[in-house]
Amino acid sequence: MNEEVRGTTWSDREIDLIVTDYFNMLTSELARRPYVKAEHNRALRDLTGRAPGSIERKHQNISAVLVKLGRPWIVGYKPLSNFQNALIDGIERFLAAEGEATLDVAAAPVQVVADPASLWIGPPPRRAAEPPDPPALRRLIRKYDPAERDAKNRKLGKEGEGLIFEHEQRILFAAGRDDLAKRVEWTSEVRGDGAGYDIRSFDADGRERLIEVKTTNGAAITPFFLSENERAFSEERADAFRLLRLYGFATQPAAFELRAPLADHLRLSATNYRATF
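Residues numbered from 1 in each chain as written. Predicted model: local features only at pLDDT ≥ 70, side-chain atom pairs only at ≥ 80, totals over all residues. Heavy atoms only, no water.

So, the confidence of the model for the protein
Basically, it comes down to this: What pLDDT conveys is the predictor's confidence in a given residue, as a value from 0 to 100. Numbered from the N terminus, helices here are DSSP runs of H or I no shorter than four residues, and strands are runs of E no shorter than two.
Here the protein averages 88 in pLDDT, while 88% of its residues score no lower than 70. Predicted confidence in the protein is weakest over helix H6 (residues 146–152), with a mean pLDDT of 89, and strongest over strand S2 (residues 199–202), with 98.

If you want it as structure tokens, here you go:
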């Protein structure tokens, strides 16, 4: 290792190199193309003189920023916070040069297998107890708002609803409730948006489940939009309403489920207003 760089601040050039390298690996991973992390690490060592561990930690820092941006990240580089503003600036330079479409990862086709447990549905994330994001990161998140991007991605939303529609049917078939499985309705497709939920399903005992699906390619903590109609419906039909958050859709889909009142689980903040005279 080049002794001159030991313990020194990463330069803009070094940051640009490692950010570009990270996105190259991420693109390969999402496309299911094989690559070797050790070879990428070695190439960066030759270019920067940095130690292997330093390079790996910086890759983990990039993962942490992508989690905040609601985007997929390289599974082998577990998110590591405590990154400097220079890294945030480097990621912003990369996105400005390559275009925002770099973040709009197309969801890979999801194969729903016969086992209903193939879609893991676990507990919801806890409310964040960590310190607030630094101003530079908050600014980057506002610029590349993950909630707005997911809301605009109609294809992502429909594919997520389709996965949950089939999953609900399979659970009922597996429980021996073929009669209920055949009555599961993809409401937003059959009747259009505006019902306050996307899928009408049932528990195995016949109780109604009115499911609003929110899908992201990002992590479980990625923010999302909830319409006033959906919020109001969740209170009107608190007995049956379920908000199902489907995350990691492009890589390894998983989900968690929330029941009303949603304010017990989520921090709800107004994002726009209806103006009248």
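Let us keep going from here.
Topic: the packing of aromatic side chains
Stated formally: Aromatic contacts are taken between Phe, Tyr and Trp rings whose centres are within 6.5 Å, Trp giving its six-membered ring; a plane angle under 30 degrees counts as stacked, one over 60 as edge-to-face, and the others as tilted. Here the term buried applies to any residue with accessible area under 20% of the maximum for its type, exposed to any over 50%, and partly exposed to those in between, with areas from a 1.4 Å probe on protein chains only.
Evaluated as defined, the whole model comprises 7 aromatic pairs. Their ring planes at 40° and their centres at 6.5 Å tell us that Tyr22 and Tyr77 sit as a pair that is tilted. A residue pair is termed long-range when its members are at least 10 positions apart, and Tyr22 in helix H1 (residues 12–30) and Tyr77 in the loop between helix H3 (52–68) and helix H4 (85–98) qualify at 55 residues. For the pair shown, Tyr22 and Tyr77 are each scored as buried.

Observations regarding the nonpolar core
For clarity, the cut-off: Definition of nonpolar core: a set of buried residues of the types Ala, Val, Leu, Ile, Met, Phe, Trp, Tyr and Cys, connected through side-chain atoms within 4.5 Å. Contacts: residue pairs with any heavy atoms within 4.5 Å of one another.
With 30 residues, the main nonpolar core has Val19, Ile62, Leu69 and Ile91 as its most contacted residues. Only H1, H3, H4 and helix H5 (135–143) provide two or more residues apiece to this core. Looking at this core, the element that brings in the most residues is H1, giving 8 residues. If we ignore the near neighbours within four places in the chain, the residues touching Ile91 are Val19, Ile62, Val65 and Leu140. Residues Ile164, Phe165, Trp186 and Phe202 belong to the second largest nonpolar core, which totals 18 residues.

Concerning H4
For the record, the criterion: Expected helix span is taken as 1.5 Å per residue step, with the number of steps being one fewer than the number of residues.
For H4, with 14 residues, the first-to-last C-alpha span of 20 Å sits near the 20 Å given by 1.5 Å per residue. All buried positions along H4 are accounted for by Leu87, Ile88, Gly90, Ile91, Glu92, Phe94 and Leu95. Residues of H4 that are buried sit in contact with H1, H3 and H5.

Regarding the packing of H1 against H4
Where we set the bar: Lines fitted to the C-alpha atoms define the axes, with helices restricted to the stretch that makes contact. Angles between their N-to-C directions range from 0 to 180 degrees. Our angle categories are set so that under 35 degrees counts as roughly parallel, over 145 as roughly antiparallel, 65 to 115 as roughly perpendicular, and the remainder as oblique. Helix crossings are classified by the rotation of the near helix relative to the far one: an anticlockwise turn of less than a right angle makes the crossing left-handed, while a clockwise turn makes it right-handed. Each residue receives one of three labels: charged for Asp, Glu, Lys and Arg, nonpolar for Ala, Val, Leu, Ile, Met, Phe, Trp, Tyr, Cys and Pro, and polar for the others, Gly being one of them.
Contact geometry of H1 with H4 gives a least axis separation of 9 Å together with a crossing angle of 60°. By the criterion of interaxial angle, the relationship of H1 to H4 is oblique. At the point where H1 passes H4, the crossing takes the right-handed sense. Contacts between H1 and H4 pair Asp12, Ile15, Asp16, Val19, Thr20 and Phe23 from the former with Ala86, Leu87, Gly90, Ile91, Arg93, Phe94 and Leu95 from the latter. Partitioning the contact of H1 with H4 into residue classes produces 8 nonpolar, 2 polar and 3 charged.

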